[in-house]
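Now for the letters of each chain:
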Amino acid sequence: MPVDSLDQRSRQVVWHPCTQMRQLEDFPPLEVARAAGVWLYDRQGKRYLDSISSWWVNLFGHANPRIGAALCEQFATLDHVMLAGCTHEPVVELSERLCRLSGLDHAFYASDGASATEIALKMSFHAWRNLGRPEKAGFISLRQGYHGETIGALAVTDVAIFRDVYQPMLQQTRQVMSPDWRLAEDGETPEAYALRAAADLESCLQQHHATTAALIVEPLVQCAGGMAMYHPVWLARARALCDQYGVHLIADEIAVGFGRTGTLFAVEQADIRPDLMCLSKGITGGSLPLSAVLASDSIYQAFYADDVRLGFLHSHSYTGNPLACRAALAVLDIFDSEDVLAGNRERAERFDRLCQPLREHPLVRHFRRTGMIWAFDLAIGDRRVSRDIYRLGLERGVLLRPIGQTVYFMPPYVITDADMQFLVQTTLAILAAL
Ligand SMILES: *Cc1c(COP(=O)(O)O)cnc(C)c1O
């Protein structure tokens, strides 16, 4: 009798994301049976350290009891209701708290990051149209930027492998120099390089502001583009230039929001407020899909009118889902009651010391950290290195998923010193085995 493993059944019927399915013949998917804290467990009970927070969504460990309790209670009270023509306590409270925390004024909801990008782009475009400026319809983004993979989001994404084949479907947009400090010249500081990159943005705005609706950026860390980190002065300049040229600034904090860069939102480190902010990933601590777009009152007012067509008529079936909102409220409660940001500052300094042997390793280039994100590039030209590291990691009990030559750690905030030590030692063993 044929015994079909879960992996075989999965390959038969599940079309996995971000995957050439053929490669699963050589690299079968990890069969995850359960998860708790920073650990994933396979069906044999072997455990794997989730060093990348399951694609950057998990903040406080898997099966977090506070989030779980909030979800059970919410499910028994109100599971779901549409948000057009109805409202409910979790969505109101979450909006109040997100607005207070961000300094923005109105919250719109969807279920994933790419939808939040689409919403922000549509809001900016439509706001200018309502204000009698329909020619302001273009967008500027950064080289190596990533904002999701739906058609609108891909148009402002600059990751060739995701974008190139769909190019004919995409709106034309403009890309400007990334402030990524790895691109600085010898002797040029990250700050000086960021200012040079901002000058490139300035010349683009000078030429094209009249036809540009918004600039969209990932504040401080371009994550999917390879954990490219940059100096906050670039954000401060970008804000000033957007004001000067009358262009909206969209902060895509989908990956970096909720403390990843050390502050609750990355834009705080440049002391700026964007016109629109996109949030997702960590917003529910990795428990349920949810995204939000926070908007300034001046954008909101551009839609407020008697004419229905001037309104923002966008919607998704699960917009403002009460369960997801309740999970997000539980996450904010944890931030408040456990002073997570201060704890992470100390944690990160201790982990920097544990990472010292990696920083000094002969194969390691550009070792870097922002907040709770560590990354380095491997001085190995082989394109298969990222798959080798993934495979060697699983053998040794660590889930690592390098981006090209870039290895990174973006662990849940509940990771202990002992777990971090294990992660660093395992990574060193993997480098030795390459
Ligand atoms: C992950 C990500 C997105 C897309 O979010 P999805 O939920 O995967 O659609 C958009 N922007 C940034 C910066 C991201 O990291």
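Residues numbered from 1 in each chain as written. Predicted model: local features only at pLDDT ≥ 70, side-chain atom pairs only at ≥ 80, totals over all residues. Heavy atoms only, no water.

Draft legend 1. View of the environment of T263. Tracing the backbone shows T263 in the loop between β10 (248–252) and β11 (276–279). Residue T263 is classed as buried on the basis of its relative accessible area of 19%. In this structure, the C-alpha to C-alpha distance between T263 and R345, residues 82 residues apart in sequence, is 9.5 Å. In this structure T263 touches E268, Q269 and L341, once residues within four positions along its chain are discounted. Reaching out from T263, the side chain makes a polar contact with the side chain of Q269 at a distance of 3.0 Å. (Helix = DSSP H or I, 4+ residues; strand = E, 2+ residues; numbered from the N terminus. Buried < 20%, exposed > 50% of the residue type's maximum accessible area, 1.4 Å probe, protein only. Contact = heavy atoms within 4.5 Å. Polar contact = N/O pair within 3.5 Å; in protein donor to acceptor, adjacent residues only side chain to side chain.)

Draft legend 2. Here's a closer look at helix α9 (residues 233–245). Taking 1.5 Å as the rise per residue, α9 with 13 residues should run 18 Å; its terminal C-alpha atoms sit 18 Å apart, in good agreement. Among all positions of α9, only V233, W234, L235, A238, R239, L241, C242 and Y245 are buried. In this structure, the buried side of α9 is in contact with β5 (138–142), α8 (190–208), β7 (212–217) and β10. The first or second residue beyond α9 is G246, which carries a positive phi of 65 degrees. (Expected span 1.5 Å × (residues − 1).)

Draft legend 3. Just the domain arrangement of the protein, in detail. Structurally, the protein comprises domain 1 (31–63 + 339–433) and domain 2 (68–338). Each of domain 1 and domain 2 has a C-alpha centre, and these two points are 26 Å apart. Domain 1 puts 27 residues into the contact, and the matching count from domain 2 is 26 residues. Of the roughly 2400 Å² buried between domain 1 and domain 2, counting both surfaces, carbon and sulfur atoms make up 67%. At the boundary of domain 1 and domain 2, one finds one salt bridge. For D377, the salt bridge goes to R182, with nearest N and O atoms at 3.0 Å. Put simply, domain 1 and domain 2 have 13 residue pairs in polar contact (both at pLDDT 80 or more) between them. The set of elements that each furnish at least two residues to the side of domain 1 that touches domain 2 consists of α2 (53–56), α12 (340–354), β13 (364–370), β14 (373–378) and β16 (406–409). Top contributing element to the side of domain 1 that touches domain 2 by residue count: β13, with five residues. Looking at the side of domain 1 that touches domain 2, its residues break down into 16 nonpolar, six polar and five charged. (Domains from an automatic or database assignment. Buried area = accessible area lost by both parts, 1.4 Å probe. Salt bridge = Lys/Arg side-chain N within 4 Å of Asp/Glu carboxyl O. Nonpolar A, V, L, I, M, F, W, Y, C, P; charged D, E, K, R; others polar.)

Draft legend 4. Quick peek at the packing of helix α3 (residues 65–77) against helix α11 (residues 322–338). Contact geometry of α3 with α11 gives a least axis separation of 9 Å together with a crossing angle of 145 degrees. Crossing angle aside, the handedness with which α3 passes α11 is right-handed. Residues R66, I67, A70, L71, Q74 and F75 of α3 form the contact with α11, whose own contacting residues are P322, L323, R326, A327, A330, V331, D333, I334, S337 and E338. Class assignment for the residues of the contact of α3 with α11 results in ten nonpolar, two polar and four charged. (Axes fitted to C-alpha atoms, helices over the stretch in contact; angles between N-to-C directions. Left-handed = near helix turned anticlockwise from the far one by under 90°.)

Draft legend 5. Geometry of the site of the ligand. The ligand sits among W56, D112, G113, A114, Y146, H147, G148, E218, D252, I254, A255 and K281. Take G113: an N or O atom from its main chain is 2.7 Å from an oxygen atom of the ligand. A distance of 2.8 Å is found between an oxygen atom of the ligand and a backbone nitrogen or oxygen belonging to A114. Within the complex, 82% of the 380 Å² of free accessible area of the ligand lies under protein. By residue class, the composition of the shell around the ligand is five nonpolar, three polar and four charged. (Near = heavy atom within 4 Å. Areas by Shrake-Rupley, 256 points an atom, 1.4 Å probe, with all protein chains shown as cover.)

Draft legend 6. Inspection of the packing of aromatic side chains at higher detail. Tallied over the full model, the rule gives 13 aromatic pairs. The interplanar angle of 70 degrees and the centroid separation of 5.8 Å between the aromatic rings of Y146 and F162 together place this pair among those described as edge-to-face. Taken together, the residues Y146 in the loop between β5 and α6 (151–155) and F162 in helix α7 (residues 160–163) connect sequence positions 16 residues apart. Ring plane angle 80 degrees and centroid distance 5.7 Å describe the contact between Y230 and W234, whose orientation is recorded as edge-to-face. Note that R34 overlies the ring of Y41, its terminal NZ or CZ placed 4.0 Å from the centroid. When the ring centre of W128 is taken as origin, the NZ or CZ atom of K136, which lies over that ring, is 4.6 Å away. (Phe/Tyr/Trp six-rings, centres within 6.5 Å; stacked < 30°, edge-to-face > 60°. Lys NZ or Arg CZ within 6 Å of the ring centre and 35° of its normal.)

Draft legend 7. A look at the sheet that holds strand β2 (residues 39–42). Taken in spatial order, the four strands line up as β1-β2-β3-β15 in an open sheet, and their pairing is mixed. Each edge of the sheet is formed by a strand with only one pairing partner; in this case those strands are β1 (32–36) and β15 (398–399). Alignment of β2 against strand β3 (residues 47–50), held across three bridges, turns out to be antiparallel. If you follow W39 over to β3, its bridge partner there is L49. (Pairing = 2+ DSSP bridges.)

Draft legend 8. Region of interest: the nonpolar core. Core analysis: the largest hydrophobic core is formed by 111 residues, its most contacted members being L98, L215, W234 and F258. The residue makeup of this core includes at least three contributed by each of domain 1 (31–63 + 339–433) and domain 2 (68–338). Judged by nonpolar contacts, the second largest core, of 24 residues, contains L121, I216, I254 and A302. (Core = buried A, V, L, I, M, F, W, Y, C linked by side-chain atoms within 4.5 Å.)

Draft legend 9. Main features of the pairing of strand β12 (residues 291–295). When you tally the buried positions in β12, you get five out of five residues, the bulk of the element. Along β12, one buried face is formed by S291, V293 and A295 and the opposite face, lined by A292 and L294, is buried too. Looking at chain direction, strand β4 (residues 106–110) and β12 are connected through five bridges and run antiparallel. Each bridged residue has a counterpart across the sheet, and for F108 the counterpart in β12 is V293. As paired strands, β11 and β12 are joined by four bridges and run antiparallel to one another. Residue L276 lies in a different strand from β12, and its bridge partner there is A295.

Draft legend 10. Inspection of the state of the cysteines at higher detail. For the structure shown, the criterion picks out zero disulfides. Not engaged in a disulfide, the cysteine C18 finds its nearest cysteine sulfur in C223; these two sulfurs lie 15 Å apart. Unpaired in terms of disulfides, C325 finds its nearest cysteine sulfur in C99, a separation of 12 Å. (Disulfide = S-S within 2.5 Å.)

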